[in-house]
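Below, each chain spelled out in residue letters.
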Amino acid sequence: MEQKNGRSAIVIGASMAGLAAARVLSDHVTAVRILERDPLDGGPDEHRRGVPQARHAHGLLAAGSQRLVEWFPDLAADLVAGGAEATDLGDCLWHQAGAFRTSIQTGIIGYPTSRAFLEQTVRRHLLRRPGITLHPDTTVDRLVIEGDRVTGAVDSAGARHGADLVVDCTGRNTRLLGQLADAGFPAPPESTVAIDVAYGSRILRREPGDIDARFAVVAGSPHDVPHRMGALLPMEGGRWMLTVGGYHGDAPPTDPDAYLDYVRGLPTPLLADVLERAEALTPVMTYHTPSNQRRHPERLRRLPAGFVALGDALCSFNPVYAQGMSSAVCQAEALGLSLASGRALGSADMARDFYRRAAKVIDNPWTIAAGGDFADPRTTGTRQPGTGLVNRYLEQVFRACHTSEAITARMTRVQNLLAPPTSLLAPPTAARVLLAARRSPARQPTRRG
Ligand SMILES: Cc1cc2nc3c(=O)[nH]c(=O)nc-3n(C[C@H](O)[C@H](O)[C@H](O)COP(=O)(O)OP(=O)(O)OC[C@H]3O[C@@H](n4cnc5c(N)ncnc54)[C@H](O)[C@@H]3O)c2cc1C
């Protein structure tokens with residue numbers, strides 16, 4: 001590649017966004033250095049400080065897994081060799097809007113695993129590529145800013161790392177954008193949708209026949225108090241990850257009996273019945289997500305050269321929708337397109353082009369999460385026009401999934417970010433939705449507020 005020779009990039013953060021960004025950058029520069037604060041010396045169940053969310057269910061949507069499998073051709077085989085099962089993402093028990101969806105074969109395949117195992121396997125494949133080096137135990141303290149350009153980063157030991165492009169993959173609470181603002185660059189405007197979602201998770205031993213499907217999801221009604229959800233996802237080692245949660249302060253307790261009672265508060269006893277029978281392999285682990293949070297550098301007139309942010313640093317979603325890793329992978333793909341577009345590597349023009357592409361990638365999952373969350377009347381924040389109408393229609397889509405295989409297939413594609421939410425709005429689909437919703441065995445919800 002013409003611009004590859006002698007060019008270098010630094011990726012700060014070796015979580016899913018950092019790994020995906022490094023993979024794409026390695027097609028365009030000679031050297032990619034990944035600087036990561038954590039030691040990365042753990043075993044298969046490594047729980048690292050920088051990724052505390054790894055103790056909770058992490059479903060990788062098809063949009064993410066398809067790209068990863070393309071980038072790392074042996075990845076799927078390695079995940080399966082390590083204990084993941086290739087799973088049709090329609091083969092599930094999905095309870096929403098008062099009844100179960102029709103269970104279907106979609107041909108859309110996923111590889112459910114623990115988050116730690118997925119990340120470690122991707123990392124191992126990434127490091128087989130030439131030109132990529134990983135520097136664990138390396139905390140970036142600050143960027144090096146010279147005039148209008150970021151030229152590198154300084155770590156906590158005082159070492160300076162120079163590069164043509166610095167990619168910030170330090171996640172939702174990145175401090176690097178703040179440093180740019182302190183240096184006089186405009187701060188990106190933010191959209192925030194407050195949800196106050198609390199998770200409580202336990203790993204369980206998986207027994208044959210625990211449930212009559214490959215995985216289970218329970219989405220409680222936003223019109224109920226408490227408004228709860230849960231997921232039972234298989235992971236390597238013959239285990240389940242059980243994650244349940246609630247909105248607006250309804251946090252799962254950590255006491256095992258109280259936790260079971262909480263799980264019993266879901267609209268179906270499916271998950272509580274498995275929990276009651278199964279051997280629990282961990283205590284209850286908790287996590288709190290205050291909001292969907294999106295930064296909009298694509299709206300800025302002035303951007304520094306030599307720097308982009310990617311992954312949760314740009315947008316972090318309500319985890320219930322399982323979109324974060326796939327969004328990061330698709331943003332990395334957008335970075336690749338920007339780098340291939342002929343714009344000078346590390347120029348402000350390239351950064352602007354990347355942020356525009358990334359914003360398009362983020363728009364659909366943002367609409368699904370930040371829009372869908374307004375179905376709960378307690379949700380507050382940046383609301384897109386038409387949200388209420390779309391959410392009322394989506395209720396009919398959820399009900400249509402109780403009886404229509406065709407609508408369930410469409411919904412599965414939208415939820416896996418393989419088709420835009422607007423694909424559910426086309427007139428022939430809408431007519432089918434309304435007919436199928438009428439046949440739903442579930443009662444219409446009673447609205448609060
Ligand atoms: C409870 C929960 C459940 C989730 N479930 C799902 C799910 O089911 N499916 C899904 O796709 N997504 C899920 N997500 C989102 C997913 O975890 C993230 O989107 C994904 O990890 C990508 O984030 P990231 O790489 O941008 O940042 P992060 O994962 O936050 O990683 C940031 C990295 O940067 C490192 N770092 C931070 N500061 C520094 C520094 N100064 N110097 C060097 N290194 C630094 C950290 O150690 C870490 O490795 C969930 C999130 C939460 C909170």
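For the structure, see preceding data.
Just so you know, the residues in each chain are numbered from 1, in the order the chain's sequence is written. Selection of residues for local features in this predicted model requires a pLDDT of at least 70, selection of side-chain atom pairs for listing and counting requires 80 or more, and totals for whole chains, interfaces and linings are taken over all residues. Only hydrogens and water are removed before side-chain values are computed, so all heavy atoms of the structure are retained for them.

Peer 1: What is the right way to read the overall build of the protein chain from this model?
Peer 2: For the protein chain, the helix and strand inventory stands at 12 helices and 19 strands. Taking 22 Å as the expected radius of gyration for a compact globule of 449 residues, we find that the protein chain reaches 22 Å, a close match to that expectation. Taking the principal axes of its C-alpha atoms as reference, the protein chain extends roughly 65 × 45 × 40 Å. Only protein chains enter the accessibility calculation, which uses a 1.4 Å probe. A residue is then buried if its area is under 20% of the maximum for its type, exposed if over 50%, and partly exposed in between. Residues classed as buried in the protein chain amount to 57% of the 449 residues present. By sequence separation, contacts in the protein chain at least 24 residues apart represent 73% of the contacts at least 6 residues apart. Accessible surface is estimated by sampling points in the Shrake-Rupley manner with a 1.4 Å probe; for residues, cover comes only from the protein chains shown. Surface accessibility of the protein chain: about 18,400 Å² in total, with carbon and sulfur atoms responsible for 51%. Strands are runs of DSSP state E lasting at least two residues, helices are runs of H or I lasting at least four, and both sets are numbered from the N terminus onward. The globule rule is 2.2 Å times the number of residues to the power 0.38, and the radius of gyration it is compared with is taken over C-alpha atoms. Note on definitions: a residue-residue contact is assigned when non-hydrogen atoms from the two residues lie within 4.5 Å.

Peer 1: Help me understand helix 10 (residues 387–400) in this model?
Peer 2: Along an α-helix, a turn takes 3.6 residues, which lines up residues three or four apart on a common side. Every helix has an expected span of 1.5 Å times one less than the residues it contains. The first and last C-alpha atoms of helix 10 sit 20 Å apart over 14 residues, in line with the 20 Å expected at 1.5 Å per residue. Within helix 10, 11 of the 14 residues are buried, which leaves the element mostly enclosed by the surrounding structure. Listing the buried residues of helix 10 in full gives T387, G388, N391, Y393, L394, E395, Q396, V397, F398, R399 and A400. Where helix 10 is buried, its residues touch strand 4 (92–96), helix 9 (348–372), helix 11 (405–415) and helix 12 (427–438).

Peer 1: Would you explain the packing of aromatic side chains in this entry?
Peer 2: One pair of aromatic rings is described through two measures. These are the centre distance and the angle between the planes. For this analysis, a ring pair means two rings from Phe, Tyr or Trp (six-membered ring only for Trp) whose centres lie within 6.5 Å, classed as stacked if their planes differ by under 30 degrees, edge-to-face if by over 60, and tilted for the remaining angles. Applying the stated criterion across every chain, the model contains 1 aromatic pair. Ring geometry for F354 against Y355: centres 5.4 Å apart, planes inclined by 50 degrees, an arrangement best described as tilted. Note on Y355: relative accessible area 4%, which makes it buried. Each ring is checked for a lysine NZ or an arginine CZ that lies within 6 Å of its centre and within 35 degrees of its normal; such an atom marks a charge sitting over the ring. When the ring centre of W240 is taken as origin, the NZ or CZ atom of R206, which lies over that ring, is 5.4 Å away.

Peer 1: It is not clear to me how the sheet that holds strand 8 (residues 140–146) should be interpreted in this structure. Could you clarify?
Peer 2: In sheet architecture, strand pairing relies on hydrogen bonds along the backbone and comes in two forms, parallel and antiparallel. Here, any two strands with at least 2 DSSP bridges between them count as paired. Spatial strand order, 8-9-10: 3 strands in an open sheet with antiparallel pairing. For this open sheet the edge positions go to strand 8 and strand 10 (160–162), each flanked by a neighbour on one side alone. In this sheet, neighbouring strand axes are inclined to one another by 30 degrees on average, regardless of whether the strands run parallel or antiparallel. Taken together, the 3 bridges between strand 9 (residues 149–155) and strand 10 define a ladder with antiparallel strand orientation. Its bridge partner being in strand 10, V154 is matched across the sheet by R160. Here, axes are lines fitted to C-alpha atoms. For helices the fit covers the stretch in contact, and angles between N-to-C directions go from 0 to 180 degrees.

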